[in-house]
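Overview (structure and organization)
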Amino acid sequence: IPITDSATVHWAAIDVDTYPLDLREMEDKLVALKLPLIVWRSKSGGAHLLLFCHEPIKASLVRSKLSEWACAVGYPSAEIFPKQNSLANKSDVGNWLNMPYFDVKDTNRYAVLDGKKLKVHAFLELAESRKVTAEALRAFSLTMAGGEEFEKGPPCLQFLAGKGFPRGSRNISLFNLAVFARFAFDDNWKEKVDEYNRT
C-alpha cells in the first residue's frame, strides 16, 4: 500500500493491465521520454511502472505526474497507485499491489532492464538509483511543441496534442477534449469539440 496516514508516498505505480504487453517496448518508451520509472512485470502479465522517492512526497503531486506519464506512454486510462490523494478516515488503509519477486526462485513478478529480467539485488540497486525528489518531480515537464492550445489545460492534453493521441484512445481522448473545451471556450465550445474531432 503506497499511501501513508500523512497523505504521502515513498513509492507509487502506474498499473498497465494490457495483455499481451511487450515489456521491452514499454521500457523503450520510458527511456525515450526520460521517465524515472522501472518496468515491473505484474502477476497477470501486464506491467507496473514503479516510481521511487528520496523522501515522502505528497500523494497528490505523485498522482498528478503519474497520470500525465500514463498518457505519455499511451495508457491514459491506466490505474494509478495510490488511488487517492489522502485516506478517507482512520479505518481506511488504501489500495495495494502485489509485491515483486514473490516466490523468488521461480517468480513471474520481476523488474526489467534492457529487456532482461533483473535479480532482486539488481532491482533494489536500480530502485535506489532512480529515486526522485519532490522538487525534481515538480520540475519534470512533458509538454511538447504542438500542445500550446492546451497551455492552460491539463499536462496530459498538452503532451498528447504535441505527440499525437495513441491508437485506441479516441473516445476517452475526445471526452477529455470536450471537458477542456467546455471550460476554456464559453460560447463556441461545441464548435471546438467538432474541430478536435476532425483534427
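What comes next concerns the included structure. Bear in mind the structure is a predicted one, so any value in this text is a computation, not a measurement.

Calculation notes
- Residues numbered from 1 in each chain as written.
- Predicted model: local features only at pLDDT ≥ 70, side-chain atom pairs only at ≥ 80, totals over all residues.
- Heavy atoms only, no water.
- Helix = DSSP H or I, 4+ residues; strand = E, 2+ residues; numbered from the N terminus.
- Expected span 1.5 Å × (residues − 1).
- Buried < 20%, exposed > 50% of the residue type's maximum accessible area, 1.4 Å probe, protein only.
- Arc of directions from axis to C-beta.
- Pairing = 2+ DSSP bridges.
- Phe/Tyr/Trp six-rings, centres within 6.5 Å; stacked < 30°, edge-to-face > 60°.
- 1 Å grid on protein atoms, 1.4 Å probe; cavity = no way out; pocket = protein on both sides within 12 Å on 5 of 7 lines; lining within 4 Å.
- Points joined across faces, edges and corners; volume = space filled by probe spheres on them.
- Nonpolar A, V, L, I, M, F, W, Y, C, P; charged D, E, K, R; others polar.

**Some details on helix 6 (residues 170-184)**
Between its terminal C-alpha atoms helix 6 stretches 20 Å, which fits the 21 Å expected from 15 residues at 1.5 Å a residue. Within helix 6 the residues assigned to the buried category are S173, L177, A178, F180 and A181. Seen along its axis, helix 6 keeps its buried residues to an arc of 165°; they face one direction. Relative to its buried face, helix 6 has exposed residues pointing more than 90 degrees away, namely N171, F175 and F183.

**Structural notes on the sheet that holds strand 4 (residues 79-81)**
What the 6 strands build is an open sheet, ordered 4-1-3-2-5-6; its pairing is antiparallel. Two strands close off the open sheet at either side, each with one partner strand: strand 4 and strand 6 (116-117). The sheet contact formed by strand 1 (residues 8-16) and strand 4 spans 3 bridges and is antiparallel. Its bridge partner being in strand 4, I14 is matched across the sheet by I80.

**Description of the pairing of strand 3 (residues 47-58)**
Pairing of strand 1 with strand 3 involves 8 bridges; the strand directions are antiparallel. Counted as the bridge partner of A12 is L51 from strand 3. By the bridge criterion, 4 bridges tie strand 2 (residues 38-41) to strand 3 in an arrangement that is antiparallel. Within strand 3, the position partnered with W40 by the bridge is H48.

**Here's the deal with the packing of aromatic side chains**
Aromatic rings considered in pairs are described by the distance between their centres and by the relative angle of their planes. Applying the stated criterion across every chain yields a total of 4 aromatic pairs. Ring plane angle 40° and centroid distance 5.5 Å describe the contact between Y101 and F123, whose orientation is recorded as tilted. Taken together, the residues Y101 in the loop between strand 4 and strand 5 (111-113) and F123 in helix 3 (residues 120-129) connect sequence positions 22 residues apart. Judged by its relative accessible area of 7%, F123 falls in the buried class. With a centroid separation of 6.2 Å and 85° between ring planes, the pair formed by F180 and F185 is classed as edge-to-face.

**Here we look at the layout of surface pockets**
Estimates place the volume of the largest pocket at around 360 Å³. Together, 19 residues line the largest pocket, and C71, P76, P154, C156 and N176 are the ones closest to its centre. Looking at the lining of the largest pocket, the elements with two or more residues in it are helix 2 (59-72), helix 5 (155-163) and helix 6. Of the residues forming the lining of the largest pocket, the biggest block, 5 residues, is contributed by helix 6. The class makeup of the residues in the lining of the largest pocket is 13 nonpolar, 5 polar and 1 charged.

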